[in-house]
Amino acid sequence: MFLKAFSTLFTFLVVGTLQAQTINGKITDQDLKPVPSVTVHLLNTNIYVATGPAGLFSINDSIPGNYLLQLSAVGYATMTKPINISKEANPPLEFRLQSTMKQLDAVMVTAEKKEELLQQVPSSITVLDAKEIQEFRLWDVKQLTAIVPNFYSGNSGDQRNVTSIRGIATTSYDPSVVTYVDGVNQFTLDTYISQLLDVERIEVLRGPQGTLYGRNAMGGVINIITRQPSNRTEGFAELNIGNYGQQRYSANVRFPLIKDKLFIGASGFYDKSNGYYTNEFNNTHFDKHEIFMGNYFLKYLLNPHWSSVINIKYQNNKNNGAFPLVNGVDEAFNNSYNVNQNAIGTMIDHTLDASFSIIHKGRGINFSSQLAWQHNYRYYNSPLDGDFSPVDAVTIINNYGKPWNDVKALTHEFRFSSPTNKSSVFNWTAGTYFFHQYQPNKQATHFGKDAGLLGVPDSNFSTINTTEARNSGFAIYAQANYHLTKKLALTAGIRYDYEHKNLNVLGEYQKDGQDPFTTLNDTAAAVNFSAVSPKLALQYSLSANSYIHISYTRGYRTGGLTQLSSDPSQPPLYPYKPEYSNNMELGIKNNFLQDKLQLNITAFLTYVNNAQVPTLILPDAITVTKNTGALNSKGVELEFAAKPVKGLQIDYNFGYTHAQYSSLKLASNGQTADLDGKKQIFTPAVTSLFAVQYSCMIIPEKHIMAIARGEWQYLGTQYFDLENTIRQSFYSLLNTRIGVSCKHVAVFFWARNISNKKYIEYAYDFGAVHLGNPETYGVTVRTTF
């Protein structure tokens, strides 16, 4: 029976690749001059071709039906047009491209697991393409702060970002904003790569995305797509030199090994800096780092409908002083960018992310299968200062060799969708998702000779906590879009997630120079969780360029078991429940003046129950999570982009979030603190970005252009502890980028935080503070081929 069913499916898919047609076309500019090297792509297919010197292109093996055709070329605004490929002879197509200096791009996204126009998706999404990523000079995901409305991200110096969208904040190793890179879920903060390399597009989906993305997409999704190789041989090399010893070298090459069949792409960067902090204990650079990252693709195209991709990413990070923290806000500002730590551990961080995908895009059905493997080995080569002071009180040790602190995750997603060429009246997506994660962690908290200064009655000993966590789960989901009328469309979806967690803990005590003895025998516990995540949205077309949508979505963040700590009032293996959110959203999207102006406005209301509230246990530096609150978040967002005159682009993004706990009770030292009405952490009340860029062609015949850009970022008041005592008042940051570019070379001077504003980027609830980067400046030289 199985073989018969498989044979029927295979025959159906193969037959779906027959009856192919050929279409031809010509692309010119507004002066009717042919435009060569235009990439022509039939969305939701594997078909990519390029125009020749006469601006001509030909698409073979195309299946009859309705498609969206995307045209993109350097110097021209990206265009997307609907076309129909008939079973009979197809007449030649003709298109005219506008200069990118006059018109906004038509933006394509894959936020709903298929390629479609941004303005036609009934959801709040911010998209940055490769050109905008260069203009903003984005090197790390955290730099999306304020560029995306109601988005905040920062870290304590170790590059594991804590991200908040609309007041839904990541407060533990299970994120509330999930990141996907080339379709792979960056499973936890351990296996998460925050550096940006050769990125084609970043999509940030705001609000719960539980139906298509599942667990931990409570606040939204960061979807990063890097460049893949094709028939075109191309690449770049880039050099950045700046203050604080900043050096960053990056390069990429993509080319066909066998034309129309086998393609390869390789990119990498090396980044080093002396860091911004000085350690007064020995008068040396404290947070000096070196990072090397690589991204490699091997793509095989069996025919225009079948393809497979192997992708390998890895990052090696060495950081001499990964936690540049000081005790207290006053100390951080009065003695800025100085620490005084006697224990100087170097963080060694190795991350590997590999995936294998098989993709079919045909007449009968589309499907994809993606298998991914993630691995992270992170340790400190010597003890890390746990008291952030020059005294020998507390240090953290985790260098116990492999297999400890070696996190692994296996994921697999199998997705089906309606065929690309069918009518857009009804389309659907369905799939399954599986994961397994293994986390073997061993860490010691050492109390030195000065431990008594912290009230510890003993000295020169260690408490050793060993945990082994195994986590497995699966999900099944489906979402469909149906046009009730020509103007009104309904989107409905549902997802079921199931998860099983198992945690083993072992506690030991070790006096210096002696063997350890057990304080808590090897003990285990297991829990199961499940969740249903529905979505319902209506979208109404006010006109060909204006859409209004209203939606309800549900998201959840997985539950778990508490870790072992030295605090007897916080018992290990205590289960905490999943966190759920319900989100209502109303938005309108508009294009005006022949794509010269775009305005999107959204209002949202989110309720979170079973809120997971973290408590940091010191000196272990272990987070204990409990369900002890309810959170309400509401606000508005605005995105505005305009090209009012040739060469001038204006962007303004604004977000307002009012996120506070309607119920919050914290237990500490036998007492309960009532924190009802307190504001959510890592959530600025306002995010605002205003950017102006002017481009002027100074030598047209040589394509030499001068570009000047200015940015103003404003962030409102935010808090870093649940009691709202660690507070950062509103502040502004000013950035600039000025330079010259031609067809293959660009030289730019850039500066960030020009006013050298001092502000808190990250703080722990016990008072350790990390400041944001000071004024930085440098030069970028980039060449492309």
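What you are looking at is a predicted structure, and each value in this text was computed from that prediction instead of being measured.

A. Geometry of the nonpolar core. Core analysis: the biggest nonpolar cluster contains 45 residues, and F682 and L722 have the highest contact counts within it. Secondary-structure elements contributing two or more residues to this core are β13 (168–169), β40 (597–617), β42 (648–668), β48 (731–741), β50 (760–763) and β51 (768–771). Residues contacting L722, with those up to four places away along its chain left out, are V613, P614, Y661, L664, L666, L675, K678 and I681. L128, F136, V141 and V204 belong to the second-largest nonpolar core, a separate cluster that totals 21 residues.

B. Quick peek at the packing of aromatic side chains. Summed over the entire model, instances satisfying the criterion amount to 30 aromatic pairs. Consider the rings of Y556 and Y580, whose centres lie 6.1 Å apart with planes at 25 degrees: the pair is stacked. Placement of Y556 in strand β36 (residues 546–557) and of Y580 in strand β39 (residues 579–592) is noted, with a sequence separation of 24 residues between them. Like Y556, the residue Y580 is buried in the burial classification. Over the aromatic face of W139 sits the side chain of R137, whose NZ or CZ is 3.6 Å from the ring centroid. The cationic tip of K442 hangs over the ring face of Y400; the distance from NZ or CZ to the ring centre is 4.8 Å.

C. Structural view of the pattern of salt bridges. With the rule as written, the count across this model stands at 30 salt bridges. Across the pair E761 and K142 runs a salt bridge whose closest N-O atoms are separated by 3.1 Å. With E761 in strand β50 and K142 in the loop between α2 (130–135) and β11 (151–154), the pair connects residues that are 619 residues apart, well separated along the chain. On the basis of relative accessibility, which here comes to 16%, the residue K142 falls in the buried class. A salt bridge links E499 to R215, with the shortest nitrogen-to-oxygen separation between them at 2.9 Å. Within this pair, whereas E499 is found in strand β34 (residues 488–511), its partner R215 is found in the loop between α3 (210–213) and β17 (220–226), the two being separated by 284 residues in sequence. The exposure class of E499 is buried, given its relative accessible area of 0%. A network of salt bridges, in which partner residues are shared, links R166, R206, E585, E637 and E639.

D. Molecular detail of the pairing of β51. Across the two faces of β51 the burial is the same, with A768 and H770 and V769 and L771 all buried. Relative to β51, strand β25 (residues 326–327) runs antiparallel, the two sharing two bridges. Residue pairing for β51: N327 is matched across the bridge by A768. As paired strands, β50 and β51 are joined by three bridges and run antiparallel to one another. Looking across to β51, one finds that Y762 is bridged to H770. The loop that links β50 with its antiparallel partner β51 comprises four residues; one of these, G767, has a positive phi angle of about 110 degrees.

E. Looking closely at the sheet that holds strand β15 (residues 184–185). Judged by pairing direction, the sheet is mixed, and its five strands sit side by side in the order β10-β16-β17-β14-β15 without closing on themselves. Looking along the sheet, the strands with just one partner apiece sit at the ends: β10 (125–129) and β15. When strand β14 (residues 177–181) meets β15, the two strands line up antiparallel, connected through two bridges. Each bridged residue has a counterpart across the sheet, and for Y180 the counterpart in β15 is N185.

F. Local environment of the sheet that holds strand β12 (residues 162–165). The strand order β11-β12-β13 describes an open sheet built from three strands, whose pairing is antiparallel. Looking at the sheet topology across the chains shown, the edges are occupied by β11 and β13. By the bridge criterion, four bridges tie β11 to β12 in an arrangement that is antiparallel. Note that in β12 the partner of Y152 across the bridge is S164.

G. Spatial organisation of the side chain of Q186. Inspection of the secondary structure assignment puts Q186 in the loop between β15 and β16 (199–206). A polar side-chain atom of Q186 sits 3.1 Å from the main-chain carbonyl oxygen of V184. For Q186, the side chain forms a polar contact with the side chain of D353, separated by 3.0 Å.

H. Region of the structure containing unusual backbone geometry. A cis geometry characterises the amide bond from K402 onward to P403, with omega recorded as 15 degrees. Counting through the fold element by element, P403 comes out in the loop between β30 (394–397) and β31 (406–417). Residues other than glycine seldom take positive phi values, yet N216 does so here, at roughly 70 degrees. Note on placement: N216 falls in the loop between α3 and β17.

So, how was this worked out
- Residues numbered from 1 in each chain as written.
- Predicted model: local features only at pLDDT ≥ 70, side-chain atom pairs only at ≥ 80, totals over all residues.
- Heavy atoms only, no water.
- Core = buried A, V, L, I, M, F, W, Y, C linked by side-chain atoms within 4.5 Å.
- Buried < 20%, exposed > 50% of the residue type's maximum accessible area, 1.4 Å probe, protein only.
- Helix = DSSP H or I, 4+ residues; strand = E, 2+ residues; numbered from the N terminus.
- Contact = heavy atoms within 4.5 Å.
- Phe/Tyr/Trp six-rings, centres within 6.5 Å; stacked < 30°, edge-to-face > 60°.
- Lys NZ or Arg CZ within 6 Å of the ring centre and 35° of its normal.
- Salt bridge = Lys/Arg side-chain N within 4 Å of Asp/Glu carboxyl O.
- Pairing = 2+ DSSP bridges.
- Polar contact = N/O pair within 3.5 Å; in protein donor to acceptor, adjacent residues only side chain to side chain.

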